[in-house]
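Analysis of the macromolecular model
Here is what each chain is made of, one letter per residue.
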Amino acid sequence: MEPLADDVDLFEIDPMDMFCSSIDTLRGTPIDQRIPPGSGWSDRPTKSSGVGRTQNDNFREEINILCRHGVPPSLRCATWIINVVAAANPSMSKAECDEYGTFQKVRVLDHGWDLVVKSLFPDVTDLERAEILDFGLGEEQLMNVLVRDQGGESIPEAGLKSLIMVLHAARDSLGIEFCPLLLDVTCLLLSYMPESYAYATIRQMVRDDSSYFLAVSRVQHLAWCKTFSDLMIRYFPQTGAVMEQIGALTPVGLEPILKRFFVPLLRRKHVLRIMDIFTGEGAHAIFRIGTTLCCLSHAHLGESVLENCDNAAIFWEGVRRYAHSKHFRFDIFLEHQAYGTQRTMRFLTRPIFPYPQYVNNLIAANEEWAEQNQGSLPTYEERKPVGLIEKKVPIELARQSTDRLNLAKWLPPVLQSTKLDLIYSSNHHGRSIEMFYRRCSIARHTITVMEVLELDVVIGMYATQTWHNNPDGYGDGECFLFRLRPEPKCFKYKSVESHVLSLDESEDVSSHINDSGQLMISSDSFISLGVGEDGASGLRLNEDLTRGSTSKCIGFGNQELIGEGVQVFEVGLVEVYRFLREVDNKPVDGDIDHWKGLFN
């Protein structure tokens, strides 16, 4: 799509030729409908514009370059579906492709979607009983999608309903049984499209059982994983060797990219930029951006990666830290790393990353390998519960394996394979804040768990520094609040982001309100975690640990830690655990955050 330029007056504008505006079906948030002047985008096709195919072989590449610079939010619905239709139908004309993004196709797509919905959900009770599908993603990652990763908060009920409908249509009408990427891709589509357009886009993505966009079988997914590994080792051998050694090139290790579409690694605005590219370039964009991101991150993490990383999760956390730091410039990364070139001879250059046909051939070759090895290669990791140490005074509140499994999911990667060691019990050591401080003095990282009397609720908090008398505040952003029972849920800290317009009103500038250095506040009369907007705390215990309070606090979003309307409660048993290493039962007392301070 190009600006209207001089040919705008050469033909009459039909309102039906206007591009459809984007709409956020997933969360219902407003979308900026402005098209930046001089951006190369217009609100309708012209004789020389559009994102469909023309007779010019270079036209698609020109559109791909335009998409790499970012699609205006108001045009994402139109651009994404046109890009996918054009890529999935090479023989289709530009005008035919453009129609999918204009009002010309609205009634057709909506009617087709209505027929699908009526066949799948003939009665309202059918939709009420329908459950969310994971397509091989795994329960833990599915919960991350629904509760945290798509916009920072739980997907609203209306958006969840739309997601369920589109996913069931993908399974029952399109025949997709296994496709881990589908959850995040569908959420991104619904963030800018109505249900009918999201379904139509997915339908085009899986035409002819092609893996151009998505791996739609276990064999294809494993072939993608092997291809990613092969590309890393061949084109980025140093990074590939490190990732291979720590298990980051296995099907389980590659989960953040090949199952989650970069969502756990990058800022949301950058994930959307990748989606702009992906809709035109398909899976090749995932391999290109994924491998070069790993290489660039490895360079910034330094030579200590092998010393600091003993598993893939710690490596990916380092990638996430770098990608969220001020040192990461997404546009520069795209231009110079992902889509950069290197000189081969004096006047010749070639792309850093191989051409699509080479990658496609590699995937095809690896499908035979995947077919032979699919029975022995897991595609997701079954998390095991945190262990526990049996002592004279037994652990009570976190004794159940289901509770310890939830803790393992919430804890930092370094602590997920440890054992809980009880260091304080109010039943055994007495109820006083002095004894609490004394018993906690031997541990840096602790979990404090408490029961709420008369409500059968167990809640708690994870602290990253030793509890002591310090009313000025300490701790960091790795602290979190949680509810173990009922309905387990973790409330992790996120810095509060405020948005202001720059002076030219053309750029949205984000600023962060960061109170993560004052999350833990304690004195001789209380201990607390989380800073409330009104001076209250996320979770607070009084001096004799018999009464507690909870309220919404900055960064945690813990509106209902106990239950609706419950802010003050009577406390029963209180327990504090430290962490022991699984291999030798030695305390984990050092700084477990290997990347702390690296990207400040």
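Coordinates for the structure precede this section.
One structure accompanies this document, and this report is about it. (Residues numbered from 1 in each chain as written. Predicted model: local features only at pLDDT ≥ 70, side-chain atom pairs only at ≥ 80, totals over all residues. Heavy atoms only, no water.)

Let's talk about the overall build of the chain
As a reminder of what qualifies: Secondary structure elements are defined from DSSP: runs of H or I of at least 4 residues count as helices, runs of E of at least 2 residues count as strands, and each element is numbered from the N terminus. When a residue's accessible area, from a 1.4 Å probe over protein chains only, is under 20% of the maximum for its type it is buried; when over 50% it is exposed; and in between it is partly exposed. The criterion used for residue contact is that any of the two residues' heavy atoms lie within 4.5 Å. To measure how exposed things are, a 1.4 Å probe is used in the Shrake-Rupley method; for residues, cover is taken only from the protein chains shown.
Across its full length, the chain carries 21 helices and 16 strands. Here the chain, with 600 residues, has 52% of them falling under the buried criterion. Taking all contacts inside the chain whose residues are at least 6 apart in sequence as the whole, residues at least 24 apart take part in 70%. Accessible surface, the chain: about 27300 Å² in total, of which carbon and sulfur atoms supply 49%.

What about the pattern of salt bridges?
Formally: One side-chain nitrogen of Lys or Arg within 4 Å of one carboxyl oxygen of Asp or Glu is enough to make a salt bridge.
Under the defined criterion, the tally for this structure stands at 22 salt bridges. Salt-bridge contacts for Arg 76 lead to Asp 276; the nearest nitrogen and oxygen are separated by 2.9 Å. Placement of the pair is Arg 76 in helix α2 (residues 76–88) and Asp 276 in helix α13 (residues 268–281), with a sequence separation of 200 residues. The pair formed by Arg 76 and Asp 276 is uniform in burial state, with each residue classed as buried. Residues Asp 98 and Lys 94 are paired through a salt bridge, measuring 3.0 Å at the closest nitrogen-oxygen approach. With a gap of four residues between them, Asp 98 and Lys 94 both fall in helix α3 (residues 94–99), about one helical turn apart. The pair Asp 98 / Lys 94 is uniform in exposure class, with both members buried. Taken together, the salt bridges that share partners define one network made up of Arg 148, Asp 149, Asp 184 and Arg 260.

A word on helix α14 (residues 283–301)
Our working rule: The span expected for a helix works out to 1.5 Å for each residue beyond the first.
Given a rise of 1.5 Å per residue, 19 residues ought to cover 27 Å, and the 27 Å separating the end C-alpha atoms of α14 matches this to within 8%. α14 sits mainly inside the fold: 16 of its 19 residues count as buried. Following α14 by one or two positions, Gly 302 adopts a phi angle in the positive range, close to 90°.

Some details on the packing of helix α10 (residues 218–235) against helix α18 (residues 356–373)
The line we're drawing: Between N-to-C directions, angles span 0 to 180 degrees; the directions come from axes that are lines fitted to C-alpha atoms, helices contributing only their stretch in contact. Note that the term roughly parallel is reserved for angles under 35 degrees, roughly antiparallel for angles over 145, roughly perpendicular for angles of 65 to 115, and oblique for everything else. The crossing is said to be left-handed when, going from far helix to near helix, the turn is anticlockwise and less than a right angle, and right-handed when the turn is clockwise. Amino acids outside the nonpolar list (Ala, Val, Leu, Ile, Met, Phe, Trp, Tyr, Cys, Pro) and the charged list (Asp, Glu, Lys, Arg) are all regarded as polar, and Gly is one of them.
Where α10 contacts α18, the axes come no closer than 8 Å and their chain directions differ by 125°. Taken together, the axis directions place α10 and α18 in an arrangement best described as oblique. Here α10 and α18 pass one another in a crossing that is right-handed. Listed contacts from α18 to Val 219, Gln 220, Leu 222, Ala 223, Trp 224, Lys 226, Thr 227, Asp 230, Leu 231, Arg 234 and Tyr 235 of α10 are Tyr 358, Val 359, Leu 362, Ile 363, Asn 366, Glu 367, Trp 369, Ala 370 and Glu 371. Across the contact of α10 with α18, the residue classes break down as 12 nonpolar, three polar and five charged.

A few points about the pairing of strand β16 (residues 568–581)
As a reminder of what qualifies: When DSSP locates at least two bridges between a pair of strands, those strands are taken to pair.
Most of β16 is tucked away: 11 of the 14 residues are buried. Relative to β16, strand β4 (residues 418–425) is paired through seven bridges, and the arrangement is antiparallel. Following the sheet pairing, Leu 422 is matched in β16 by Tyr 577. For strand β5 (residues 446–452) and β16, the ladder comprises five bridges, and the chain directions are antiparallel.

Some remarks on the pairing of β5
For β5, a buried count of six out of seven residues is recorded, marking the element as mostly surrounded by other parts of the structure. Where β5 lies against strand β6 (residues 457–463), seven bridges are found, and the strand directions are antiparallel. Bridge pairing in β6 places Met 450 opposite Ile 459. Where β5 hands over to β6, the hairpin turn is made up of four residues, of which Glu 454 adopts a positive phi near 70°.

So, unusual backbone geometry
Here the amide bond leading from Arg 485 into Pro 486 is cis, since omega sits at -10°, within 30 degrees of zero. Of note, Pro 486 is situated in the loop between β8 (480–485) and β9 (489–492). Unusually for a residue other than glycine, Phe 135 sits at a positive phi of about 50°. Topologically, Phe 135 is positioned in the loop between α5 (124–129) and α6 (139–149). With a phi angle near 70°, Glu 454 is a residue other than glycine that sits in the positive phi range. With respect to the helices, strands and loops of the structure, Glu 454 is situated in the loop between β5 and β6. According to the relative accessible area criterion, Glu 454 is exposed, its value standing at 84%.

Observations regarding the state of the cysteines
Stated precisely, the cut-off is as follows: Throughout, disulfides are identified as pairs of cysteine sulfur atoms within 2.5 Å of each other.
Evaluation of the coordinates by the stated rule reveals zero disulfides. Cys 77 supplies the cysteine sulfur nearest to Cys 20, a cysteine that is in no disulfide, at a spacing of 5.8 Å. Relative accessible area serves as the criterion here: at 6%, Cys 20 is assigned to the buried category.

A few points about the environment of Trp 41
In this fold, Trp 41 is placed in the segment before α1 (59–68). Taking the C-alpha atoms as reference points, Trp 41 and Pro 72, 31 residues apart in sequence, are found 7.9 Å from one another.

Focus: the packing of aromatic side chains
The geometry of an aromatic ring pair is captured by the separation of the ring centres together with the interplanar angle, meaning the angle of the planes. Note the threshold: When two rings of Phe, Tyr or Trp (its six-membered ring) have centres within 6.5 Å they constitute a pair, described as stacked for plane angles under 30 degrees, edge-to-face for angles over 60, and tilted for the intermediate range. Remark: a charge is flagged as sitting over a ring if the NZ atom of Lys or the CZ atom of Arg is within 6 Å of the ring centre and within 35 degrees of the ring normal.
Following the criterion strictly, the structure yields 22 aromatic pairs and no others. Taken together, the aromatic side chains of Tyr 212, Phe 213, Phe 261, Phe 262 and Phe 278 make up a single cluster linked through ring pairs. A cation over a ring is seen here: Arg 76 above Tyr 192, with NZ or CZ 5.1 Å from the ring centre. Lys 226 extends its terminal NZ or CZ atom over the ring of Trp 369, reaching a point 5.6 Å from the ring centre.

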